[in-house]
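Descriptive analysis of the structure
If you want the building blocks of each chain, they are given just below.
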Amino acid sequence: MEDKTILHLQDLCVSYVQTGHEVSVLKNISFSLKEGEVLSLLGESGSGKSTIAKTITGLLPPSARIKSGALTVAGHLRVNLTQRAILWNKIRGTVLGMVFQDAQLALNPLFTIKEHFREALITHKIGRASDVLPTAANLLKLLGFTEPGKVLSSYPFQLSGGMCQRVCIALTLCLRPSVLIADEPTSALDATSQKEVISLLKNVQRELGVAMLFITHDIAVANAVSNRVMVLNEGNIEEVGETQDVFSRPAAEYTQKLLAAHSIRTTVSAPQGLDAKPVIDVVDLNKAYSKNNSVIKDLCFSISEKEIIGVLGPSGCGKSTLAKCIAGIEPINSGEILYRGKNLVHLRGRMKRELCRHIQMIFQDARASLNPRYTAIQLVQEPLNYLNIGNKKSRKNKASTLLKQVGIDDAAKFRRPPQLSTGQCQRIAIARALTLDPKVLICDEAVSALDVCVQTQILELLVHLHMEYGFAILMISHDIRVLRYLCHRIAVMQCGAFCEIDSTDAVLSSGKSPHTKRLLECVYEM
Amino acid sequence: MCKTVFRRLIGAVITLFCATLVLFIIIRLAPGDPIEIMLGRPGDLAIKNTPAYEARVAELHAQLGLDQDMLTQYGQWLKRLVSLELGTSIHTGREVSIEIAERIPATLMLSLAAILIQLVSGVVFGIISAIRAGKILDHVIRLFCVFFASVPAFVIGLVLLMFFAVTYHIYEISGDANIYRLWLPAITLGLVSAPQLIRMVRANILSELGQTYIVSAISRGLPKKQIMRHALKNAMLPIVTMMALSFTNLIAGSVVIESIFSWPGIGNYAMNSVLLHDYPVIQGYAVIMVSVVIMANLLVELLYMLIDPRLRNRSRLERGLENE
Amino acid sequence: MSKGKPPLNLIAGIVIISVICVLVMGAPVFTHYNPLEQYPEERLSTLSKAHLLGTDRFGRDIFSRTLYGGRTTLASSFLALVCSLVLGLLIGLTTGMFSGTIFDIIVMRIVDVLMAFPFMVLAMIITALFGTSLMHLLFVVAIIWWVPFARLTRSIVLQVKNETSVAAAKVLGANTRAIIFRELLPKVITPILILATFELGTLILSISALSFLGLGAQPPNPEWGSMLADGRAHFFQAPHVLLGPALFIVLTVLGLNFMGEGLRDYLDPYEIIKL
């Protein structure tokens, strides 16, 4: 089979116009895609990888300006991207198909799956009206559905996230595009669904011989999926080449940085002789949102002083709810939560605030946890204001000291969250949590929303602060890499209970419970 | 879903009960002797101290059960309401229920015509405004909307009446309710109530056009018409509930319009009765209006449940369908 | 919240309202006529240099009556609206914070019952039984006009309650008061203000309609509504009599609507892909 170039992009330059000034997002991007090949666009947020996809399908918002760029598709379709009126309908769907990150939102909630297929096929006049259902059913079977008929008569809200994404892939492929553009197709799914969707995607791509442009921020996924990879950083191409070559012998400094950040190994050793006295004791914890909706069932475990313990589990297993219950912001149905022997469950008002200050929490969406109207230094002083500790001067000093420790320089101290990066926001959240000298810090997926390089920085910061202040850490995450780096012990959670809780090495090397084994299988190793 | 329907029904009945209770309390709180209120002030009538008058007083006294406690009085009043015994008009001496029944068709005619005009103009101009958002046509439509939402209905009515009836003698000034006289009051009402709908349709469509499923449909190469079909279906759904709110405003509007155009509907009738202190009529009107509003809201809620598939059936497909 | 230049309709609205307020409050400056003084020789005269908006059937100058009457209309409507807003905000906040409790359920039932009474119907009953006056109308307003504010506040509170920022504040030791003032109120203020401008317009329209029908302010007080009722009798012979109050009502509500739409555009614009 001859390796024909199915897509070629030449010298693409794109910028966005925001509140008056222009920001350059893509600088001289050129690449080619061969027939049947999978090319990964790998980069962190802001690198411009999504912009490339939106440009070649004409889906850029009105604030975007295309400075230069020429697109050649399927050999004969040449498009000058700087033109105002481009006949996109010749390219969209039948030549370039696109799959989006949030599959459930990508389907019309009031149309059945059947209607989506019918509309797409009839509009593009592919086959007769009577062929619609069989075509759709065959594609759905290719994507792992055993009963396509039921799926076709369903509405999107009746399907899970993974199922919706598979439906979207089938829907895009039914138009027989030459190139499939997948924009972070699995980033919104949990680990098991992700693995499922990716393997099905690979299968169907190989069977139908569709070239694929796979956009992702996850190195391991790019490694597993693609033939070639293109590394992007701030609108520039850092490196492009065969996947194996790029990842085993990275030429660009940026690629090396990404690889290093991805494969962090533990530098923290378990502290000698962990205190026998636990700082947190959870006894027979039960929480249910309604009669049939039990989220946590009879949970028992303890956290020792200065220990770092991780909770691993898929989304919906109840780990976030557990974090909120221990932090005291979610009421529980029965059981006890003891902080250094004192029961927190029935406390109210001032007593509760006095005791609960020792248990602090940082959240997944750092920006959302900060009030955007206050400056960094005001935010860090917030808890001292709430509990009336010290005076104005002492609060300011403490805030300044903590901000310096987390790496926020003097210039950033007086900025507000909208003017700060996500990483900086998380640092401020950490500093704020430490203001009250907590003995337990709960991190609810605190690094999941961060780019991999920033992730590493924040994790290293947590380790550093842990050594200095000696608080225990409860780390909630779905990402095994993070827990492997950070934790002394790991608890694996499923459906509201711990199916396993042991030292990190024990859990990760030979997971005893079948659930753990399944979770470990879903991790892509390099 | 049947459980929800049942719950809504019970809720509506409870609300109806409470509303009638509130009415009852308001009426009892009014200053003056309730019998005088029902019969009209003796000073206005020439028949005071006649046996007929005394007989009426005794009859009413028994009927209203004024010697019994409040709860029993309410119970008796409620019983009469349910059997549509709304009392007798002071002014005409006829039964209130009959007089209201005579005038309902006129109001119904006007209301339906007005709703039709409102719906058609609302949807059409709302869609145009959304498609041409930001352009001149959109600004013009929005300007019209703001203007007609700022002018009182009676001003528009009077101006139109002045123009068509007095100056040009096209429109007949009389007290009839017929098709030939329907167009002017219906247009007035429609004009005043359309802006709200236009605004809502426009906002809904624009909001839908920003959703991911629209971008996804565009990426599949669907033409503009198909995209609008997607957006419209989702945008129109909440309009149904808005129509219920609009219905309440329509009732208010119809009182004024009927008054100006001498349209013989229940609004006009009630209005005149207020000025004539014809209390049984007003009471009957209030009871009917409140019931109609509650029923309309209930119907709209049920209709919405019927057309939104997310509310219709909540079952999710089993995970077992997938290949593990 | 992208804040670019304030849109045209917001500026227009603010200008119109300001002009009307200046005219109404500075009435003695703009007209030398006494609103109650009658000039029987000049009754029902049309617009002229001497009487800018003509005279009514008693020969009173309409322009001065409109300006002085505006004080009553605008002041009472504004006051009624502010009271409704505050009441609705309080009820919405408390039911939102304590949603699911008996208190919340009872209040929601009360709201359902109140919503069964259209303003017009309730106004007609009250005025029929208790007498026609502006005060009685405002009383009816006080009973039912808080509902839209309460519902809006409650829905926002229900949504914000579950956001990360509130959870974070709770963990950091914030008490209920701090959460209400730091997290909830800032998010509630803007939508409530936008709603308030629209509701004030609706209020003025509703009260003027009722007054026109004879159920509101009674003559001889100059008040836009009662002036409308006055002029109704001779409308077809002397239509100019209604021009004064009608014009000012339209301009006021227009200004308020412009402001409301402008505020909404300013604080919540859309950005869509071209098809």
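Residues numbered from 1 in each chain as written. Chains lettered and ligands numbered in written order. Predicted model: local features only at pLDDT ≥ 70, side-chain atom pairs only at ≥ 80, totals over all residues.

The subject of this paragraph is the overall build of chain A. When its secondary structure is counted, chain A shows 20 helices and 20 strands. The C-alpha radius of gyration computed for chain A amounts to 25 Å, which stays within 12% of the reference 24 Å derived for 526 residues, consistent with globular compactness. Dimensions of chain A, computed from C-alpha atoms along their principal axes, come out at roughly 75 × 50 × 45 Å. For chain A, buried positions account for 47% of its 526 residues. For chain A, the share of sequence-separated contacts (at least 6 apart) that also reach a separation of at least 24 residues comes to 70%. (Helix = DSSP H or I, 4+ residues; strand = E, 2+ residues; numbered from the N terminus. Rg over C-alpha atoms; globule rule 2.2 N^0.38 Å. Buried ≥ 20, exposed ≤ 12 C-beta atoms within 10 Å, placed from the backbone. Contact = placed C-beta atoms within 7 Å.)

Below, the discussion takes up the confidence of the model for chain B. Residues and elements named next belong to chain B. Counting all residues, the mean pLDDT for chain B is 82, and 87% of those residues have values of 70 or more. Across chain B, the element-wise mean pLDDT spans from 63 in helix α2 (residues 34-39) up to 93 in helix α9 (residues 212-219). In this model, residues 318-324 is a region of pLDDT below 50 whose contacts with residues beyond four sequence positions or in other chains number 11 contacts. The complex prediction reports pTM at 0.86, with the ipTM value standing at 0.85. (pLDDT = per-residue confidence, 0-100.)

Glancing now at the domain arrangement of chain A. Residues and elements named next belong to chain A. As far as domains go, chain A holds domain 1 (37-50 + 89-262) and domain 2 (275-358 + 477-526). On a C-alpha basis, the centres of domain 1 and domain 2 stand 34 Å from each other. Looking at the side of domain 1 that touches domain 2, the element that brings in the most residues is helix α7 (residues 219-225), giving 5 residues. Split into classes, the residues belonging to the side of domain 1 that touches domain 2 amount to 6 nonpolar, 3 polar and 2 charged. (Domains from an automatic or database assignment. Nonpolar A, V, L, I, M, F, W, Y, C, P; charged D, E, K, R; others polar.)

Moving on: the interface of chain B and chain C. The interface of chain B with chain C comprises 45 residues on the first partner and 38 residues on the second. At the level of elements, α1 (2-29), α6 (136-150), α7 (153-167), α8 (179-209), α9, α10 (224-261), α11 (266-275) and α12 (279-307) of chain B are the ones that each hand at least two residues to the side of chain B that touches chain C. At 8 residues, α10(B) tops the list of elements feeding residues into the side of chain B that touches chain C. In terms of residue class, the side of chain B that touches chain C is made up of 38 nonpolar, 6 polar and 1 charged.

Moving on, we get to the nonpolar core. In this structure, A:Cys174, A:Val179, A:Leu213, B:Ala270, B:Ile282, C:Ala123 and C:Met124 are the most contacted members of the largest nonpolar core, which totals 210 residues. Residues contacting A:Leu213, with those up to four places away along its chain left out, are A:Leu33, A:Leu39, A:Leu41, A:Ala53, A:Val179 and A:Ile181. Listed in part, the 85 residues of the second largest apolar core include A:Ala191, A:Ile280, A:Ile458 and A:Leu519. (Core = buried A, V, L, I, M, F, W, Y, C linked by C-beta atoms within 7 Å.)

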